[in-house]
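Secondary and tertiary structure notes
Each chain, written out:
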Amino acid sequence: MNNPKQLTFPWSKPNQSSFDHFYFDQKNLEVKKNLLEGDDDLFLYGIKQSGKSFLLQAVCNLFASKNKSSLYVPISEVKKYGTNFIDSLDNLDVVCIDDIDLIQSDRKWEVALFNLINDCLISECRLIFSSVLNPSSIEFKLKDLVSRIKKIDHVELLPISEDNLLDAVNFICNLRSINLGDREINYLITYSKRNIADLIDIINKLDNLSMQLKRKITVPLIKEII
């Protein structure tokens, strides 16, 4: 691997994930600081659809913008390719491994990950892991891996508080130049699932439907979606 910046893999997909496009609740500012300013390995955990994958990809994009090498590794997609590709990833500047809990009880993957951590300690490649589970709850069979994971700083990505959902939706709409009034936003928050992932999905559908029908986004239009 003489030029890791040119690495491509079957799961690699272009994305526009950026820290500027993520709404950080006050209670998640520590997460932002750790990802942006930290140099040490990090374990990010939190409930599903809280934005962990987005942030890991944002880290990789940030490194790429600085002409540094990076790789986003979504375990749910890469397990079928085996562990051989992990060899020499320590030559990169950062490797972000998403859903690490999916390898628990898979000895081949656990050994490969343990070896990667050791190699990265020497090469100073930064590792960032994510999981829906607190690292202490993941049942790795390889005791050496458990020991390594315990030594990595971990931080929880918390869901956006309900008090900040209005601000979060406004933030998203402004980013995408979507005209959504307070009345429509309040209706959306009141009558749909109160989590940011579902709200973003509905906003995207509303934006597309609004353009197709050439109609302003109003409460009646929202009712057609939710």
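Let us look at the structure shown here. Note that the structure is a prediction, hence the values are computed from the model and not measured.

In terms of nonpolar packing, the biggest core is built from 32 residues, with Phe85, Ile100, Leu113, Phe129 and Ile149 touching the most fellow members. At seven residues, helix 4 (residues 107–123) tops the list of elements feeding residues into this core. Setting aside chain neighbours within four positions, we find Phe85 in contact with Phe9, Trp11, Val73, Val78 and Trp109. The next biggest cluster of nonpolar side chains, apart from the first, holds 23 residues, and it includes Ile160, Leu180, Ile202 and Ile222.

What follows deals with the sheet that holds strand 3 (residues 94–98). Strand order in this open sheet of five strands is 2-3-4-1-5, and the pairing throughout is parallel. In this open sheet, the two edge strands, each paired with only one partner strand, are strand 2 (70–74) and strand 5 (153–156). Shown here is a sheet whose adjacent strand axes are inclined to one another by a mean of 15 degrees, direction ignored.

With respect to the helices and strands, the residue Glu184 is situated in helix 7 (residues 182–191). By relative accessible area, Glu184 is classed as buried at 12%. Setting aside its immediate chain neighbours within four residues, Glu184 contacts Ile217, Thr218, Val219 and Ile222.

Time to look at the pattern of salt bridges. Counted under the stated rule, the structure contains four salt bridges. Linking Asp106 and Lys79 is a salt bridge whose minimum nitrogen-to-oxygen distance equals 3.5 Å. With Asp106 in the loop between strand 3 and helix 4 and Lys79 in the loop between helix 3 (75–78) and strand 3, the pair connects residues that are 27 residues apart, well separated along the chain. With a relative accessible area of 24%, Asp106 lands in the partly exposed category. Overall, the relative accessible area of 31% leaves Lys79 in the partly exposed class. Here Asp201 and Lys205 are joined by a salt bridge, their closest N and O atoms 3.3 Å apart. Here Asp201 pairs with Lys205, and both are found in helix 8 (residues 196–213), just four residues apart, close to one helical turn.

Bringing helix 2 (residues 52–65) into the picture now. Between its first and last C-alpha atoms helix 2 spans 20 Å; for 14 residues at 1.5 Å apiece the expected length is 20 Å, and the two agree. Buried within helix 2 we find Lys52, Leu55, Leu56, Gln57, Ala58, Val59, Cys60 and Phe63. Against the buried residues of helix 2 lie helix 1 (29–37), strand 1 (42–45), strand 2, strand 3 and strand 4 (126–131).

What follows concerns unusual backbone geometry. With a phi close to 75 degrees, Ser105 is a non-glycine residue in the positive phi region. Assignment of secondary structure puts Ser105 in the loop between strand 3 and helix 4. With a phi angle near 55 degrees, Ser177 is a residue other than glycine that sits in the positive phi range. Here Ser177 lies in the loop between helix 6 (165–175) and helix 7. Using a relative accessible area of 68% as the deciding quantity, one classes Ser177 as exposed.

Mapped onto the fold, Ser210 is located in helix 8. Taking relative accessible area as the criterion, Ser210 reaches 13% and is therefore assigned buried. Every residue in contact with Ser210, bar those within four places of it in the chain, is listed here: Arg215, Lys216, Ile217 and Leu221.

Among the six residues that make up strand 4, six are buried, leaving the element largely enclosed by the rest of the structure. Burial along strand 4 is two-sided: the residues Arg126, Ile128 and Ser130 and Leu127, Phe129 and Ser131 are all buried. Sheet topology places strand 1 next to strand 4; four bridges connect them, and they run parallel. Across the sheet, Leu44 pairs through a bridge with Ser130, a residue of strand 4. Alignment of strand 3 against strand 4, held across four bridges, turns out to be parallel. Paired with Cys96 across the two strands is Ile128, which belongs to strand 4. With helix 4 bridging strand 3 and its parallel neighbour strand 4, the resulting β-α-β unit is right-handed.

Cut-offs used in this document
- Residues numbered from 1 in each chain as written.
- Predicted model: local features only at pLDDT ≥ 70, side-chain atom pairs only at ≥ 80, totals over all residues.
- Heavy atoms only, no water.
- Core = buried A, V, L, I, M, F, W, Y, C linked by side-chain atoms within 4.5 Å.
- Buried < 20%, exposed > 50% of the residue type's maximum accessible area, 1.4 Å probe, protein only.
- Helix = DSSP H or I, 4+ residues; strand = E, 2+ residues; numbered from the N terminus.
- Contact = heavy atoms within 4.5 Å.
- Pairing = 2+ DSSP bridges.
- Axes fitted to C-alpha atoms, helices over the stretch in contact; angles between N-to-C directions.
- Salt bridge = Lys/Arg side-chain N within 4 Å of Asp/Glu carboxyl O.
- Expected span 1.5 Å × (residues − 1).
- Right-handed = clockwise from strand over helix to strand, strands pointing away.

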